[in-house]
Amino acid sequence: MTIRNRIPSDNATLAEIWHRSVRATHTFLSEQDIQDLYPQVRDIYLPAVSVWVYETAEGNLAGFIGTSDAQVEMLFVDPAHFGQRIGTQLLDHVRAQHAELTVDVNEQNPSAHAFYLHYGFSDVGRSPTDSAGRPFPLIHMALTA
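Only a predicted model underlies this, so the values are computations on that prediction, with no experimental measurement involved.

Draft legend 1. Broad picture of the sheet that holds strand 7 (residues 138–143). With mixed pairing, seven strands are arranged side by side in an open sheet as 1-2-3-4-5-7-6. Since the sheet does not close on itself, it has two edges, and those belong to strand 1 (2–5) and strand 6 (122–127), each with one partner. Between one strand axis and the next, the sheet turns by 30° as a mean value, whatever way the strands run. Pairing between strand 6 and strand 7: five bridges, direction antiparallel. Paired with S127 across the two strands is L138, which belongs to strand 7. In the packing of helix 3 (residues 86–95) onto the sheet, the strands contacted are strand 1, strand 2 (50–55), strand 3 (61–68), strand 4 (71–77), strand 5 (101–106) and strand 7, and the crossing angle to strand 3 comes to about 35°. Contacting strand 4, strand 5, strand 6 and strand 7, helix 4 (residues 110–119) crosses the sheet at an angle of about 15° to strand 7.

Right under this line is the structure:
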C-alpha cells in the first residue's frame, strides 16, 4: 500500500471511485443529483484541492482524500475496499501534516458522521444547506490536537 500525491492521470479513476462510493453511501441523493455532481467533481472539485490517493500493492487506486489547507473537502473509498481502514489511513496521512482538521459531513449520511466521530472529530456546528445552497444539511466537525 502506498499513499501518494495525485497525478493528473488519476482523475478519471478518482471520479469513478467517487461515483461508486456516493452510490453506496449517499442514498439521500437522487439520480439527477449524482448526474449533476459527477462532472463538477471530476472537472472542478478534484483539481481544486490537494489530493492524496491510496494505491494498493497491485497498483490499483482504492480511495482518496482531498484537502484545502486543514479542511477535509472529500474522502472517498471504493466500496470494494470498505472496512479495510483505508479512510482512516488517509486521514492519518493528512493529520500528520495538520495539528487540527475540519470537515463538513452530510447530515443524511450517518455512517460518515459516525466514522468521523469514531476517529475523534467533534460536532461544532450545523448548516441547513450544503455549500451550494442545496437542501442537504451539513454537520461541521473539528479535530483538535
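Draft legend 2. Broad picture of the pattern of salt bridges. Counted under the stated rule, the structure contains seven salt bridges. Among the salt bridges present, the one from D78 reaches R20, with a minimum N-O distance of 2.6 Å. With D78 in the loop between strand 4 and helix 3 and R20 in helix 1 (residues 11–25), the pair connects residues that are 58 residues apart, well separated along the chain. R134 is the salt-bridge partner of D130, the closest N and O atoms lying 2.7 Å from each other. You can call D130 buried: its relative accessible area is 10%. Salt bridges sharing partners connect three or more residues here, namely R4, D10 and E55.

About the criteria used
- Residues numbered from 1 in each chain as written.
- Predicted model: local features only at pLDDT ≥ 70, side-chain atom pairs only at ≥ 80, totals over all residues.
- Heavy atoms only, no water.
- Pairing = 2+ DSSP bridges.
- Helix = DSSP H or I, 4+ residues; strand = E, 2+ residues; numbered from the N terminus.
- Axes fitted to C-alpha atoms, helices over the stretch in contact; angles between N-to-C directions.
- Contact = heavy atoms within 4.5 Å.
- Salt bridge = Lys/Arg side-chain N within 4 Å of Asp/Glu carboxyl O.
- Buried < 20%, exposed > 50% of the residue type's maximum accessible area, 1.4 Å probe, protein only.

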